[in-house]
Amino acid sequence: MKIKLVKPTIELKDGALEYRQEHFNNNELIINGSELFDKIDSYEEWLERITNNSKIDTVDSNWVLTDTFFAIREEDNKIIGIIDLRHDLNDFLKNFGNSGYSVRPSERRKGYATEMLRMLLEYAKGCGLKQIHLSVERDNISSIKTIVKNGGKLERSFEFEGEIVDSYLIEL
């Protein structure tokens, strides 16, 4: 199970649209960690948005500096996940943390999320971050296991849109 994290490019468009469609086909209309890939119809528009948000000079004033990555399986170059790193937390993101991630439905329960997060933590450390906050709905047992396997410690809980959410801290 070798994967690599790569920044989205125009060359990855077809695989990215297939990835998104698999989520939609499974009635998953929210793709965590995708920086609104689930809401923007045009891949090119989304690509421009995430590229701008990855540079301090062009980041959206309502957002924070963010690096978004596809997780690509090396053996067949298939996009199996998406993950982002939010370098800072604004008032809105303080409850949601520095990262979100998703794995395509057909590739779940294979350890990809754990490896994606491990790789992102290395990247975050290389960017000078000292800790990462991650939030997860309490009933998302798979994601909780992923966070705990990567050193996550429960920090606090809160309610959001009628659900209990747990916030974890990972020291880098």
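Residue numbers here run from 1 along each chain, matching the order of that chain's written sequence. Totals for whole chains, interfaces and linings use all residues, but because this is a predicted model, local features are given only for residues with pLDDT of at least 70 and pairs of side-chain atoms are given and counted only at 80 or more. Water and hydrogen atoms play no part in the side-chain values, which are based on all heavy atoms of the structure.

Draft legend 1. Inspection of unusual backbone geometry at higher detail. Positioned with a positive phi, Glu35 is a non-glycine residue whose angle comes to about 50°. Counting from the N terminus, the helices are DSSP H or I runs at least four residues long and the strands are E runs at least two residues long. Looking at the element boundaries, Glu35 is found in the loop between helix H1 (13–25) and helix H2 (43–53). The phi torsion at Leu36 lies on the positive side, around 75°, for a residue other than glycine. Within the secondary structure layout, Leu36 lies in the loop between H1 and H2.

Draft legend 2. Representation of H2 within the structure. Think of it in three bands: with a 1.4 Å probe and only protein chains considered, a residue is buried below 20% of the maximum accessible area for its type, exposed above 50%, and partly exposed in between. For H2, the complete set of buried residues consists of Tyr43, Trp46, Leu47, Ile50 and Asn53. Down the axis, H2 shows its buried residues gathered within 135° of arc, on one side only. In this description, contact between two residues means that some pair of their heavy atoms is separated by no more than 4.5 Å. The inward-facing, buried residues of H2 contact H1, strand S2 (66–73) and strand S3 (78–86). The reported arc concerns the directions from the helix axis to the C-beta atoms and nothing else.

Draft legend 3. Spatial organisation of the packing of aromatic side chains. Stacked, edge-to-face and tilted are the three classes for Phe, Tyr and Trp ring pairs, Trp counted by its six-membered ring, which pair at centre distances within 6.5 Å; planes under 30 degrees apart are stacked, over 60 edge-to-face, the rest tilted. By the definition in use, this model includes seven aromatic pairs. Taking the centre distance of 4.4 Å and the plane angle of 35° together, the rings of Phe37 and Trp46 count as tilted. Summarising the burial analysis for this pair, Phe37 and Trp46 share the class buried. With a centroid separation of 5.1 Å and 40° between ring planes, the pair formed by Phe92 and Phe96 is classed as tilted. Taken together, Phe37, Tyr43, Trp46 and Phe70 form an aromatic cluster joined through their ring pairs. Only lysine NZ and arginine CZ atoms are considered, and such an atom sits over a ring when it is within 6 Å of the ring centre and within 35 degrees of the ring normal. The positively charged end of Arg20 is found above the aromatic ring belonging to Phe37, 4.6 Å away from the centroid.

Draft legend 4. Up close: the nonpolar core. Within this scheme, the nonpolar core is defined by two criteria: the residues are buried Ala, Val, Leu, Ile, Met, Phe, Trp, Tyr or Cys, and they are joined through side-chain atoms within 4.5 Å. The biggest cluster of nonpolar side chains holds 25 residues, and the ones touching the most others in it are Leu5, Ile83, Met116, Leu117 and Ile147. Listed by contribution, the elements that provide at least two residues to this core are strand S1 (3–6), S2, S3, strand S4 (101–103), helix H3 (112–126), strand S5 (131–137), helix H4 (141–149) and strand S7 (163–171). Of all the elements, H3 adds the most residues to this core, at eight residues. Residues in contact with Leu5, not counting those within four places in the same chain, are Phe69, Phe70, Ala71, Ile83, Met116, Met119 and Leu120. In this structure, Ala16, Tyr19, Ile72 and Ile79 belong to the second largest nonpolar core, which totals 13 residues.

Draft legend 5. Inspection of the sheet that holds S4 at higher detail. One requirement defines pairing of two strands: DSSP has to find at least two bridges between them. Taken in spatial order, the four strands make up an open sheet running S1-S2-S3-S4, and their pairing is antiparallel. Each edge of the open sheet is held by one strand with a lone partner, namely S1 and S4. Direction aside, neighbouring strands of the sheet carry axes that sit 20° apart on average. Two elements, S3 and S4, share three bridges in a ladder whose sense is antiparallel. Looking across to S4, one finds that Ile83 is bridged to Tyr101. Axes here refer to lines fitted to C-alpha atoms; in helices the fit is confined to the stretch in contact. Angles between the N-to-C directions go from 0 to 180 degrees. The strands touched by H2 within the sheet are S2 and S3, with S2 carrying the most contacts at an inclination of about 125°.

Draft legend 6. Structural context of the pattern of salt bridges. Here a salt bridge means any side-chain nitrogen of Lys or Arg lying within 4 Å of a carboxyl oxygen belonging to Asp or Glu. Tallied over the full model, the rule gives 15 salt bridges. The partner of Asp91 in a salt bridge is Lys94, and the shortest N-O contact between them spans 3.5 Å. By relative accessible area, Asp91 is classed as exposed at 67%. When the shortest N-O distance is used, the salt bridge between Arg118 and Glu115 registers 2.6 Å. Taken together, the residues Arg118 and Glu115, both in helix H3 and three residues apart, mark about one turn of the helix. Look at the salt bridges and you will find they share partners, linking Arg73, Asp76, Lys78, Glu107 and Lys110 into a network.

Any functional reading would require information that these geometric values do not contain.
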